[in-house]
Amino acid sequence: MKKEGEIIMLHSINHSITNFTGYTKTSPKMSESAYEKAIQNLAAKEATKGVFHSGKSEYMSLLKDYVSVASPDRRSLINYLLRNLRCCSFDDFGNIDYAELKDENGKTIGIYSQTYGWSIVGSSAENARESHFCAIYNEAWNATYNNKGNTSSASSASNSSFEATV
């Protein structure tokens, strides 16, 4: 029975994965228009303080909620693997030191390594949704910041970000 994804390249060393923090599929917590309003409100709040993409929990939480709607169900894929291997539970990955999660198109969407634990590789849908989040945020941030009489834009407010039009 084929699932949404598959796991490949398994080796052996013991490691716990209790701190799995990668995006996994969730139901939307609000409508698209409510998400857009929440992103705009956060951007306006941060622009008023002169902060751009704060990276604080409120920003990161909203970003994760927004993107995870488009995420593959990584948690279920991992649990599917573990049930079929009959080796261990989600919290104790047993004797596996490397695994790759792949979606139905063969694209890698997650990697497990003994050294780093689980990490995600964004899917095309996740990357597009994150870009849309940033576009909404940047537009609202610039509008608020410039309404305060400032002349710079979100792209120059932080050394770690930029805007580009393609």
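Residues numbered from 1 in each chain as written. Predicted model: local features only at pLDDT ≥ 70, side-chain atom pairs only at ≥ 80, totals over all residues. Heavy atoms only, no water.

Enquirer: Explain the packing of helix α1 (residues 32–48) against helix α2 (residues 57–68) to me, using residue names and the numbers behind them.
Expert: Put simply, α1 and α2 touch, their axes get as near as 11 Å, and they point 160° apart. Of the possible angle classes, the one that applies to α1 and α2 is roughly antiparallel. Like other packed secondary-structure pairs, α1 and α2 cross with a definite hand, here left-handed. Contact with α1, carried on its side by E32, Y35, A38, I39, L42, K45 and E46, involves E58, Y59, L62, D65 and Y66 of α2 and no other residues of that element. For the contact of α1 with α2, the class distribution of residues is seven nonpolar, no polar and five charged. (Axes fitted to C-alpha atoms, helices over the stretch in contact; angles between N-to-C directions. Helix = DSSP H or I, 4+ residues; strand = E, 2+ residues; numbered from the N terminus. Parallel < 35°, antiparallel > 145°, perpendicular 65-115°, else oblique. Left-handed = near helix turned anticlockwise from the far one by under 90°. Contact = heavy atoms within 4.5 Å. Nonpolar A, V, L, I, M, F, W, Y, C, P; charged D, E, K, R; others polar.)

Enquirer: Can you lay out the packing of α2 against helix α4 (residues 124–147) for me, pointing to particular residues and giving the numbers?
Expert: At their nearest, the axes of α2 and α4 sit 9 Å apart, and the two run at 135° to each other. The orientation of α2 with respect to α4, classified from their angle, is oblique. When you trace α2 past α4, the crossing you get is right-handed. When α2 is examined against α4, the residues Y59, L62, L63, Y66 and V67 are found in contact with a partner set consisting of E126, R129, E130, H132, F133, C134, I136 and Y137. Split into classes, the residues belonging to the contact of α2 with α4 amount to nine nonpolar, one polar and three charged.

Enquirer: How would you explain the pairing of strand β2 (residues 98–102) if you had to name every residue and give the values?
Expert: Along β2, four of the five residues are buried, which leaves the element largely enclosed by surrounding structure. Here five bridges tie β2 to strand β3 (residues 108–113), and the two strands are oriented antiparallel to one another. Along β3, the bridge assignment pairs E100 with I111. (Buried < 20%, exposed > 50% of the residue type's maximum accessible area, 1.4 Å probe, protein only. Pairing = 2+ DSSP bridges.)

Enquirer: Can you lay out the nonpolar core for me, pointing to particular residues and giving the numbers?
Expert: Counting 19 residues, the largest nonpolar core has I39, F133, Y137 and W141 as the members making the most contacts within it. Among the elements that make up this core, the one with the highest residue count is α4 (six residues). (Core = buried A, V, L, I, M, F, W, Y, C linked by side-chain atoms within 4.5 Å.)

Enquirer: Give a description of the confidence of the model for the protein chain that names residues and reports values.
Expert: Per-residue confidence for the protein chain gives a mean pLDDT of 76, with 69% of residues at or over 70. In this model residues 1–21 is a low-confidence stretch, pLDDT under 50, and it forms 68 contacts with partners more than four residues away in sequence or in other chains. In this model, residues 155–166 is a region of pLDDT below 50 whose contacts with residues beyond four sequence positions or in other chains number 11 contacts. (pLDDT = per-residue confidence, 0-100.)

Enquirer: Explain the side chain of E46 to me, and be specific about the residues and the numbers.
Expert: Along the chain, the position of E46 falls in helix α1. Buried charge without a partner: E46 forms no salt bridge, and the closest opposite charge is K45, 6.7 Å away. Of the polar contacts made by the side chain of E46, one reaches the side chain of Y137; its length is 2.3 Å. Leave out the neighbours within four places in its chain, and E46 touches V51, F52, H53, S54, Y59, Y137 and W141. (Lys, Arg positive; Asp, Glu negative; His and termini not counted. Salt bridge = Lys/Arg side-chain N within 4 Å of Asp/Glu carboxyl O. Polar contact = N/O pair within 3.5 Å; in protein donor to acceptor, adjacent residues only side chain to side chain.)

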